[in-house]
Amino acid sequence: QVQLVESGGGLVQAGASLRLSCANSGRTSSGYAMAWFRQGPGKERDFVAGISGGGGRTTYADSVKGRFTISRDNGKNTVYLQMNSLKPEDTAVYYCAADVSFAHGTNWRPIYWGRGTQVTVSS
């Protein structure tokens with residue numbers, strides 16, 4: 001069984017940075033491709049970034065390209081999302097997710113989800 005636990009969210013001002021972490025207990029982390037999704041107030045849950053099991057491939061939503069970076073440390077069973085130049089529109093609950101295979105763009109179909117961490121960006 002995989003259990004994903006996010007951390008690192010908070011309240012920041014526009015232009016600031018945050019790093020989210022997702023700790024994966026259970027099965028070895030490298031067995032899954034991992035992704036971050038987010039759900040803003042009154043919005044659907046959207047794909048943000050994804051990374052392959054070995055970390056060699058990444059993919060991003062257009063809205064975060066150049067500002068966010070996804071990475072992973074399989075030795076620590078942890079995935080990260082470095083978020084720079086944050087904007088008020090980045091305000092959302094951010095979810096970590098695990099998928100059996102890497103996908104591009106919005107084609108992820110995660111089978112495990114974390115409970116989320118709140119990110120609030122003030123203007």
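As the structure is a prediction and not an experimental result, all values here were calculated from the model.

*Asks:* What exactly am I supposed to notice about the packing of aromatic side chains here?
*Replies:* Any two aromatic rings considered together are summarised by their centre-to-centre distance and by the angle between their planes. Going through the model one piece at a time under the given rule, you end up with six aromatic pairs. Here the aromatic rings of Tyr-32 and Tyr-112 are separated by 5.8 Å at their centres, their planes lie at 90 degrees, and the arrangement is edge-to-face. With Tyr-32 in the loop between strand 3 (18-25) and strand 4 (33-39) and Tyr-112 in strand 10 (residues 112-113), this residue pair connects regions lying 80 residues apart in the sequence. Summarising the aromatic geometry, the rings of Phe-37 and Phe-47 are spaced 5.7 Å apart at their centres and angled 80 degrees between planes, so their arrangement reads as edge-to-face. With Phe-37 in strand 4 and Phe-47 in strand 5 (residues 45-51), this pair connects stretches of sequence that are 10 residues apart. The burial state of Phe-37 is the same as that of Phe-47; both residues are buried. Connected via pairs of aromatic rings, a cluster forms that spans Phe-37, Phe-47, Tyr-95, Phe-102, Trp-108 and Trp-113. The cationic tip of Arg-45 hangs over the ring face of Tyr-95; the distance from NZ or CZ to the ring centre is 3.7 Å. Here the basic side chain of Arg-45 rests over the ring of Trp-113, its NZ or CZ set 4.6 Å away from the ring centre.

*Asks:* Please explain the side chain of Arg-38 as it appears in this structure.
*Replies:* With respect to the element layout, Arg-38 can be found in strand 4. A relative accessible area of 12% means that Arg-38 is categorised as buried. There is a polar contact of 2.9 Å between the side chain of Arg-38 and the side chain of Asp-90. Other than its neighbours up to four places away in sequence, Arg-38 contacts Glu-44, Arg-45, Asp-46, Val-48, Ser-63, Val-64, Phe-68, Glu-89, Asp-90, Ala-92, Val-93 and Tyr-94.

*Asks:* Before we go on, may I ask you to explain the side chain of Thr-59 in this structure?
*Replies:* With respect to the secondary-structure elements, Thr-59 resides in strand 6 (residues 58-60). On the basis of relative accessible area, Thr-59 is assigned to the buried category, the value being 9%.

*Asks:* Whenever I open this one, unusual backbone geometry confuses me. Can you help?
*Replies:* Among all residues save glycine, negative phi is the norm, and among peptide bonds the norm is trans. Even without being glycine, Asn-77 reaches a positive phi, approximately 50 degrees. Looking at the secondary structure, you find Asn-77 in the loop between strand 7 (68-73) and strand 8 (78-83). Look at Asn-77 and you get buried, because its relative accessible area is 18%. Its identity as a non-glycine residue notwithstanding, Ser-85 has a phi of 50 degrees, on the positive side. Within the element layout of this structure, Ser-85 appears in the loop between strand 8 and strand 9 (92-99). With a relative accessible area of 41%, Ser-85 lands in the partly exposed category.

*Asks:* So what exactly am I meant to see when it comes to the state of the cysteines here?
*Replies:* For the structure shown, the criterion picks out one disulfide. Shown here is the disulfide that connects Cys-22 with Cys-96, its sulfur atoms set 2.0 Å apart. What sets the handedness of the Cys-22 and Cys-96 disulfide is the S-S torsion sign, and at about -80 degrees it is left-handed. Separated by 74 residues along the polypeptide, Cys-22 in strand 3 and Cys-96 in strand 9 bring together distant segments of the chain.

Conventions adopted
Residues numbered from 1 in each chain as written. Predicted model: local features only at pLDDT ≥ 70, side-chain atom pairs only at ≥ 80, totals over all residues. Heavy atoms only, no water. Phe/Tyr/Trp six-rings, centres within 6.5 Å; stacked < 30°, edge-to-face > 60°. Helix = DSSP H or I, 4+ residues; strand = E, 2+ residues; numbered from the N terminus. Buried < 20%, exposed > 50% of the residue type's maximum accessible area, 1.4 Å probe, protein only. Lys NZ or Arg CZ within 6 Å of the ring centre and 35° of its normal. Polar contact = N/O pair within 3.5 Å; in protein donor to acceptor, adjacent residues only side chain to side chain. Contact = heavy atoms within 4.5 Å. Disulfide = S-S within 2.5 Å.

This is a description of form; function is not addressed.
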